[in-house]
Amino acid sequence: MSSPSLTSQVAVSLLCLGSLCLIAFRLIGVSIDEDGVLHEPFALIPIGYALIASGAVVGTVGLVRAALGALARRRR
């Protein structure tokens, strides 16, 4: 059995990091000071979604490249 390609490792890593950002946002939670100031780790939301989207794009590109490579080898 061959090891996973670098593209798939990067895609899975990005998906995991994005998921961890969204989980961290939920775990940290939101609080309001006595002065009425809202404290929340808002930056984790767009970062998490951007990492998940990047992982999906990298994974899709890797799958398409693998499929095209297999098709090219079959035609030879």
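The notes below deal with the structure included here.

Let's shift gears to the overall build of the protein chain. Assigned secondary structure in the protein chain consists of two helices and two strands. Along the protein chain, helices (α) and strands (β) appear in the sequence α-β-β-α when read from the amino end. Here the C-alpha radius of gyration of the protein chain, 19 Å, is well above what a compact globule of 76 residues would show, namely 11 Å. The buried share among the 76 residues of the protein chain stands at 12%. Within the protein chain, contacts between residues at least 6 apart in sequence are counted, and of these 54% link residues at least 24 apart. In the form shown here, the protein chain has an accessible surface area of approximately 6000 Å², with 67% of it arising from carbon and sulfur atoms. Taking the average location of the 6 positive side-chain charges in the protein chain and that of its 4 negative ones, the two points are 52 Å from each other.

Helix length check: helix H1 (residues 6-28) (23 residues) gives 32 Å between terminal C-alpha atoms against 33 Å at 1.5 Å per residue, within 8%. Looking only at H1, the buried set comprises Ala11, Leu14, Gly18, Cys21 and Phe25. On its buried face, H1 is in contact with helix H2 (44-75). Just past H1, the residue Gly29 takes up positive phi, approximately 80 degrees.

So, about a nonpolar patch on the surface. Residues Leu17, Leu20, Ile23 and Leu27 make up a contiguous nonpolar surface patch of about 430 Å² in total accessible area. Tracing the backbone through its elements, the reader meets Leu17 in helix H1.

With that settled, consider the packing of H1 against H2. At a minimum axis distance of 8 Å, the contact between H1 and H2 shows a crossing angle of 160 degrees. On the basis of their axis angle, the class for H1 and H2 is roughly antiparallel. Crossing hand, H1 versus H2: left-handed. Class assignment of the residues belonging to the contact of H1 with H2 gives a composition of 18 nonpolar, eight polar and no charged.

This brings us to H2. If you check H2, its first and last C-alpha atoms are 46 Å apart, about what 32 residues at 1.5 Å a residue would give, namely 46 Å. Listing the buried residues of H2 in full gives Leu44, Gly48, Gly55 and Gly62. Against H1 lie the buried residues of H2.

Quick notes on the rules
Residues numbered from 1 in each chain as written. Predicted model: local features only at pLDDT ≥ 70, side-chain atom pairs only at ≥ 80, totals over all residues. Heavy atoms only, no water. Helix = DSSP H or I, 4+ residues; strand = E, 2+ residues; numbered from the N terminus. Rg over C-alpha atoms; globule rule 2.2 N^0.38 Å. Buried < 20%, exposed > 50% of the residue type's maximum accessible area, 1.4 Å probe, protein only. Contact = heavy atoms within 4.5 Å. Areas by Shrake-Rupley, 256 points an atom, 1.4 Å probe, with all protein chains shown as cover. Lys, Arg positive; Asp, Glu negative; His and termini not counted. Charge placed at Lys NZ, Arg CZ, Asp CG, Glu CD. Expected span 1.5 Å × (residues − 1). Patch = residues over 30% accessible without salt bridge, like charges linked within 9 Å, V, L, I, M, F, W, Y side chains within 5 Å. Salt bridge = Lys/Arg side-chain N within 4 Å of Asp/Glu carboxyl O. Axes fitted to C-alpha atoms, helices over the stretch in contact; angles between N-to-C directions. Parallel < 35°, antiparallel > 145°, perpendicular 65-115°, else oblique. Left-handed = near helix turned anticlockwise from the far one by under 90°. Nonpolar A, V, L, I, M, F, W, Y, C, P; charged D, E, K, R; others polar.

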